Amino acid sequence: MGAIMKTTKFIAGAAILIAVTVSSLFARKTPSEKDGKIKIVTTIFPEYDWTREILGDKIGTVDLTLLLNNGVDLHSYSPSVKDIAKISECDIFIYGGGESDEWVEDVLGKAKNKNLRTINLLEVLGDKAKTEEIVEGMQIDDDDRDDDEIEYDEHVWLSLKNAQIFCTEIAGALCEKDAQNKAAYKANLDAYLKKLSVLDGQYAQAVKSARTKTLLFGDRFPFRYLVDDYGIRYYAAFLGCSAESEASFKTVVFLAEKLDELGLKNVCQIETGNGKIARTIIASSKSKNAAVLTLDSMQSTTAGKIKKGASYLGTMENNLSVLKTALD
């Protein structure tokens, strides 16, 4: 983990300890406690949308919360007192479990609901979880090379195969907490798993018929689970959880040379990127005519986008369209 991110996490940790104390002193009954609704809290959009899909027309029977809904990046999020109170009193809490969620342990340790069911995506994935990968040309700070600390790639939701595992786990938790609607949850799960499986097959076919099997990212790279699913190679400026925002001359030159060597027509970035590094890579290449493409990692999906109809499946379908262009 980089020095900037370590400092940020230290400050956030201190703030969380204060927030946990304040929330425990001033916690009051929430409307959902009064009306008997099952309370579910999710940290990121994919978890929230999977839960919506499994709930189906039963969504009105629960109080479903998405914590990161205002555009704050996953890696810089720190829970508010209100967020902590929601987690403390909820029935099901779903979170990633990676380095961005280091605050969770303190919050859960003081949770009011002792029957709280937690779903840690990395734990659910088990042996299928991947460690962060350093590829040739990637810009790495000395603080990222900690031999005593294993860092897992936390962007587990960007694999359609993983999504099927997680949805099954979420459905199981819902059935435990609400046995009365067990049949509906299982039917919704089966229908959604089929959609995920179909899209997974479309990804596999697209990569199989693509001209190239390599992506080049002028940005952080959170898509390792996705590319590993389909045998895609990649080069990137930074690790998926890197706090870096400026690429070195060496990194830009390496990626520009790879762009030329492989005859790639596009340089990719994630949805929060400003395109600066990607454009610099293109400007440093011989042809100078590659396009900048954006793949959505769903780390900062806003309430506004959700209101307009954003969904996990829809985003992954859009990503497939972008991927086809990137591999053309």
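Computed from a prediction, not measured in an experiment: that's the story for all the values here.

**Regarding the pattern of salt bridges**
Line of reasoning, step 1. Inspection of the entire model under this criterion finds 12 salt bridges.
Line of reasoning, step 2. A salt bridge links Lys-112 to Glu-89, with the nearest nitrogen and oxygen atoms 3.2 Å apart. Remark: Glu-89 occurs in helix 4 (residues 81–89) and Lys-112 occurs in the loop between helix 5 (104–109) and strand 4 (117–120); sequence separation between them is 23 residues.
Line of reasoning, step 3. Exposure remark for Lys-112: the relative accessible area of 45% places this residue in the partly exposed category.
Line of reasoning, step 4. In the salt-bridge network here, residues are joined through shared partners; they are Lys-130, Glu-133, Arg-224 and Asp-228.

**Some points on the confidence of the model for the chain**
Line of reasoning, step 1. Put simply, the chain has an average pLDDT of 89, and 87% of its residues get 70 or more.
Line of reasoning, step 2. Below a pLDDT of 50 lies the segment residues 1–34, which in the model reaches 53 contacts outside its immediate sequence neighbourhood of four places, other chains included.

**Some remarks on the packing of aromatic side chains**
Line of reasoning, step 1. Inspection of the entire model under this criterion finds 11 aromatic pairs.
Line of reasoning, step 2. Geometrically, the ring pair formed by Tyr-77 and Trp-103 is edge-to-face, given 5.7 Å between the ring centres and 70° between the ring planes. Here Tyr-77 is found in the loop between strand 2 (62–66) and helix 4, whereas its partner Trp-103 is found in the loop between strand 3 (92–95) and helix 5, with 26 residues between them in sequence.
Line of reasoning, step 3. By relative accessible area, which is 9% here, Tyr-77 ends up buried.

**Side note on the side chain of Asn-113**
Line of reasoning, step 1. Following the sequence through the fold, Asn-113 ends up in the loop between helix 5 and strand 4.
Line of reasoning, step 2. Among the polar contacts made by the side chain of Asn-113, one reaches the main-chain amide nitrogen of Asn-115 at a distance of 2.9 Å.
Line of reasoning, step 3. Contacts of Asn-113, omitting those with residues within four sequence positions, involve Ser-88, Glu-89, Cys-90 and Asp-91.

**Things to note about the side chain of Arg-220**
Line of reasoning, step 1. Mapped onto the elements, Arg-220 comes out in strand 5 (residues 214–221).
Line of reasoning, step 2. In this structure Arg-220 comes out as buried when scored by relative accessible area, which is 10%.
Line of reasoning, step 3. At a separation of 3.1 Å, a polar atom in the side chain of Arg-220 contacts the side chain of Asp-73.

Thresholds, definitions, all that
Residues numbered from 1 in each chain as written. Predicted model: local features only at pLDDT ≥ 70, side-chain atom pairs only at ≥ 80, totals over all residues. Heavy atoms only, no water. Salt bridge = Lys/Arg side-chain N within 4 Å of Asp/Glu carboxyl O. Helix = DSSP H or I, 4+ residues; strand = E, 2+ residues; numbered from the N terminus. Buried < 20%, exposed > 50% of the residue type's maximum accessible area, 1.4 Å probe, protein only. pLDDT = per-residue confidence, 0-100. Contact = heavy atoms within 4.5 Å. Phe/Tyr/Trp six-rings, centres within 6.5 Å; stacked < 30°, edge-to-face > 60°. Polar contact = N/O pair within 3.5 Å; in protein donor to acceptor, adjacent residues only side chain to side chain.

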